[in-house]
Amino acid sequence: MPVSAGRPIPPLQPSHGWREVPIEPVDEPLVPVDEIPGVHDRPQYRAWGLPGALDRSWVRDGVARRLERAAAALPDGLALAVWDGYRPLQVQAALFDAYL
């Protein structure tokens with residue numbers, strides 16, 4: 001996997017207590033990033049060839065609405081680019097293995 005932006009991933013810091021953080025599912029539909037006005041989809045994991053990477057990025061509907069508002073607030077000539085959103089388990093595993 002290529003190194004992004006020429007900067008290495010910083011060392012992992014201990015995160016005591018992470019197992020106690022409750023996981024609460026959010027029941028929102030996923031929205032394709034390339035359908036959000038003012039936001040460009042740049043699915044980097046697919047470009048890097050990670051196994052299981054999707055050819056387009058997806059985010060929860062609430063995230064899509066916030067991205068659209070943020071993009072609308074940018075000065076003329078600027079836009080947002082999204083590299084990642086929903087990530088299949090196979091992609092997460094590849095990122096974890098690459099980090100190790």
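A quick note: this is a predicted structure, and the numbers were derived from the prediction, not measured. (Residues numbered from 1 in each chain as written. Predicted model: local features only at pLDDT ≥ 70, side-chain atom pairs only at ≥ 80, totals over all residues. Heavy atoms only, no water.)

Novice: Honestly, the pattern of salt bridges in this entry has me stumped. Any pointers?
Specialist: Side chains that differ in charge, positive against negative, can pair when their charged atoms come close. One pass over the full model with this rule turns up five salt bridges. Its salt-bridge partner being Arg 56, residue Asp 34 comes within 2.6 Å of it at the nearest N-O pair. Of this pair, Asp 34 sits in the loop between strand 1 (30-32) and strand 2 (39-41) while Arg 56 sits in the loop between helix 1 (44-47) and strand 3 (58-60), and the two are 22 residues apart along the sequence. For Asp 34, a relative accessible area of 43% translates into the label partly exposed. The salt bridge involving Asp 61 is made with Arg 65; its shortest N-O contact spans 3.0 Å. Residue Asp 61 and its partner Arg 65 are both found in helix 2 (residues 61-72); the two are separated by four residues, about one turn of the helix. Classification of Arg 65 by relative accessible area gives partly exposed; the value is 44%. Beyond isolated ion pairs, a larger network of salt bridges with shared partners links Asp 34, Glu 35 and Arg 56. (Salt bridge = Lys/Arg side-chain N within 4 Å of Asp/Glu carboxyl O. Helix = DSSP H or I, 4+ residues; strand = E, 2+ residues; numbered from the N terminus. Buried < 20%, exposed > 50% of the residue type's maximum accessible area, 1.4 Å probe, protein only.)

Novice: Looking at this structure, how should I read the environment of Gly 85?
Specialist: Residue position: Gly 85 is located in the loop between strand 4 (80-82) and helix 3 (89-99). With near-sequence residues (within four places) excluded, Gly 85 lies in contact with Trp 58 and Val 59. (Contact = heavy atoms within 4.5 Å.)

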